[in-house]
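Descriptive analysis of the structure
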Amino acid sequence: MNKTVLITGATSGIGRSCALRFARDGHRIIITGRRKDRLESIASNIIQKFNSKVYTLAFDVTILSEVVNAIQTLPEEFRKIDILVNNAGLALGLNAIHEGEPEQWETMIDTNIKGLLFVTHAVVPFMIENGHGHIINIGSIAGREAYSSGNVYCATKAAVDSLTKAMRIDLVTKNIKVSQVAPGAVETEFSKVRFAGDETAASAVYQGFDPLTPDDVAEVVHYVTTLPPHVNINDLLIMPMAQASAAIINRKPKST
Ligand code: NDP
Ligand code: 8X3
C-alpha cells in the first residue's frame, strides 16, 4: 500500500538515501531541508528514477514558525503522513567542554532537539487524525556513550534517545509507533559540517575502515517500517563492523 513519508534533512546523507529508498517502493515522499536547490534536484531524480510522487518543503527546523507554516501548506494528497523520519541534525566542532563555542552548542541543541520536537509537534496531529502513524528518530551511538570532546553533540543525541521513549509512552494509545535508529560512523557530509568544510579533517574520520554508507542506514530505517502493525522496533543500534564502540575503531594502518 502506498504511504506518505516525510523525511527531514533529505538534502544530503542519510535523509537523501531514505527518500530514495522509500520512493523505490512507490510511496509518496515529502523531502525537507534548507537547501531548496538540492531538494529540487533530488525531487527530479526521484521522479525520473521511480516515478513516485514527491513534494519539497524548504524550511529550517530550528524556526518554529517556519516549521508550522511549511507543514500547513502541504497539499491535501500529502497531508495523510504515515511515516515521519526525524533525521535533520548536525554536529559543530569537536572541543573539550571548556574550549567549546556556545553558539555552536545552541545550534546543535536547536537543530537536534528543538527541531525534532517542532516537526513532531506539527506532524503528529495528522497521524492522530488518520488513526495511525510511525515516527522514526535518528539517534546515534553518540547518544549511548559520551566520547572525548563530543559533549554537547552527545547530549543532544542522548536527548533524542530519551524523547523517543517519551513519545512512545505518550502516543501508544494513538496507534502511533515510535522507533529510534541509532547509527555509528556513517560517511556523509556530517564531518564536513562538523569541521566547517575542512575536507582533510572530515575524511580522516573515515580513514582505514569501512564506515556505514547512508544507504545502509536507509535500508534499516525502511525495514523498521515494513513490520506488521502489531510489531514495533523500539530501538536499533547499527554500527560499522570495524567500530566496537563510539571511540574504538579498528583502523588498518596506511600501506606505504
Ligand atoms: P548530512 O550533513 O549529510 O545531512 C544532514 C541533513 O540535516 C541535511 O539534509 C541538512 O539539510 C539537514 N539539516 C541540518 N540543519 C538543518 C536545519 N536547521 N533545518 C533543516 N534541515 C537541517 O549528515 P547525516 O546524513 O550524517 O546526518 C543525518 C542525521 O544522522 C543527523 O541527525 C546526524 O546527527 C545523524 N547521525 C549521523 C551519523 C554519521 O556518522 N554521519 C551517525 C549517527 C547519527 P540542509 O543543510 O539543506 O538544511
Ligand atoms: C555521529 C556519529 O560518532 O561521529 O552521530 O558522533 S559520531
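One structure accompanies this document, and this report is about it. (Residues numbered from 1 in each chain as written. Chains lettered and ligands numbered in written order. Predicted model: local features only at pLDDT ≥ 70, side-chain atom pairs only at ≥ 80, totals over all residues. Heavy atoms only, no water.)

1. Some points on the site of ligand 2
Near ligand 2, the surroundings consist of Ser 140, Ile 141, Ala 142, Tyr 147, Tyr 153, Phe 190 and Arg 194. The separation between an oxygen atom of ligand 2 and a polar side-chain atom of Tyr 147 is 2.5 Å. Tallied by class, residues from the shell around ligand 2 come to five nonpolar, one polar and one charged. (Near = heavy atom within 4 Å. Polar contact = N/O pair within 3.5 Å; in protein donor to acceptor, adjacent residues only side chain to side chain. Nonpolar A, V, L, I, M, F, W, Y, C, P; charged D, E, K, R; others polar.)

2. What about the sheet that holds strand β6 (residues 176–183)?
Reading across from one edge, β3-β2-β1-β4-β5-β6-β7 is the order of the seven strands in this open sheet, with parallel pairing throughout. Whereas interior strands pair on both sides, the edge strands pair on one side only; in this sheet they are β3 (54–58) and β7 (235–238). Each adjacent strand pair in this sheet contributes to an overall mean axis angle of 15 degrees, direction not counted. Pairing geometry for strand β1 (residues 4–7) and strand β4 (residues 83–86), over three bridges, is parallel. Its bridge partner being in β4, Val 5 is matched across the sheet by Ile 83. Taken strand by strand, helix α1 (residues 13–24) contacts β1, β2 (28–33), β4 and β6, and its axis lies near 170 degrees from that of β1. Against the sheet, helix α8 (residues 214–224) contacts β4, β5 (133–138), β6 and β7, and its axis sits at roughly 160 degrees relative to β6. (Pairing = 2+ DSSP bridges. Helix = DSSP H or I, 4+ residues; strand = E, 2+ residues; numbered from the N terminus. Axes fitted to C-alpha atoms, helices over the stretch in contact; angles between N-to-C directions. Contact = heavy atoms within 4.5 Å.)

3. Side note on the nonpolar core
With 30 residues, the main nonpolar core has Ile 7, Phe 22, Ile 29, Ile 31, Val 85, Val 181 and Val 221 as its most contacted residues. Among the elements that make up this core, the one with the highest residue count is α1 (six residues). Once you skip the residues sitting within four places of it in the chain, Val 85 turns out to touch Val 5, Leu 6, Ile 7, Thr 8, Phe 22, Ile 136, Ile 138 and Val 221. Leu 6, Phe 59, Phe 126 and Leu 163 belong to the second-largest nonpolar core, a separate cluster that totals 29 residues. (Core = buried A, V, L, I, M, F, W, Y, C linked by side-chain atoms within 4.5 Å. Buried < 20%, exposed > 50% of the residue type's maximum accessible area, 1.4 Å probe, protein only.)

4. Focus: the site of ligand 1
Around ligand 1 sit 29 residues, and of these Thr 11, Ser 12, Arg 34, Tyr 153 and Thr 188 come closest. Between ligand 1 and the protein, one listed contact pairs an oxygen atom with a backbone N or O atom of Ile 14 at 2.9 Å. Contact between ligand 1 and Val 61: a nitrogen atom at 2.9 Å from a main-chain N or O atom of the residue. Burial of ligand 1 by the protein amounts to 96% of the accessible area it has alone, namely 880 Å². Contributing elements (two or more residues each) for the shell around ligand 1: α1 and α5 (151–171). The residue inventory of the shell around ligand 1, partitioned by class, reads 11 nonpolar, 13 polar and five charged. (Areas by Shrake-Rupley, 256 points an atom, 1.4 Å probe, with all protein chains shown as cover.)

5. Section: helix α2 (residues 36–50)
Look at α2: 21 Å from first C-alpha to last across 15 residues, which is about the 21 Å you get at 1.5 Å a residue. Every buried residue of α2 is listed here: Leu 39, Ile 42, Ala 43 and Ile 46. Looking down the long axis of α2, one finds its buried residues gathered within 105 degrees of arc, a one-sided arrangement. Across α2 from its buried face, at more than 90 degrees, point the exposed residues Asp 37 and Gln 48. Positive phi shows up at Asn 51, right after α2, with a value of about 55 degrees. (Expected span 1.5 Å × (residues − 1). Arc of directions from axis to C-beta.)

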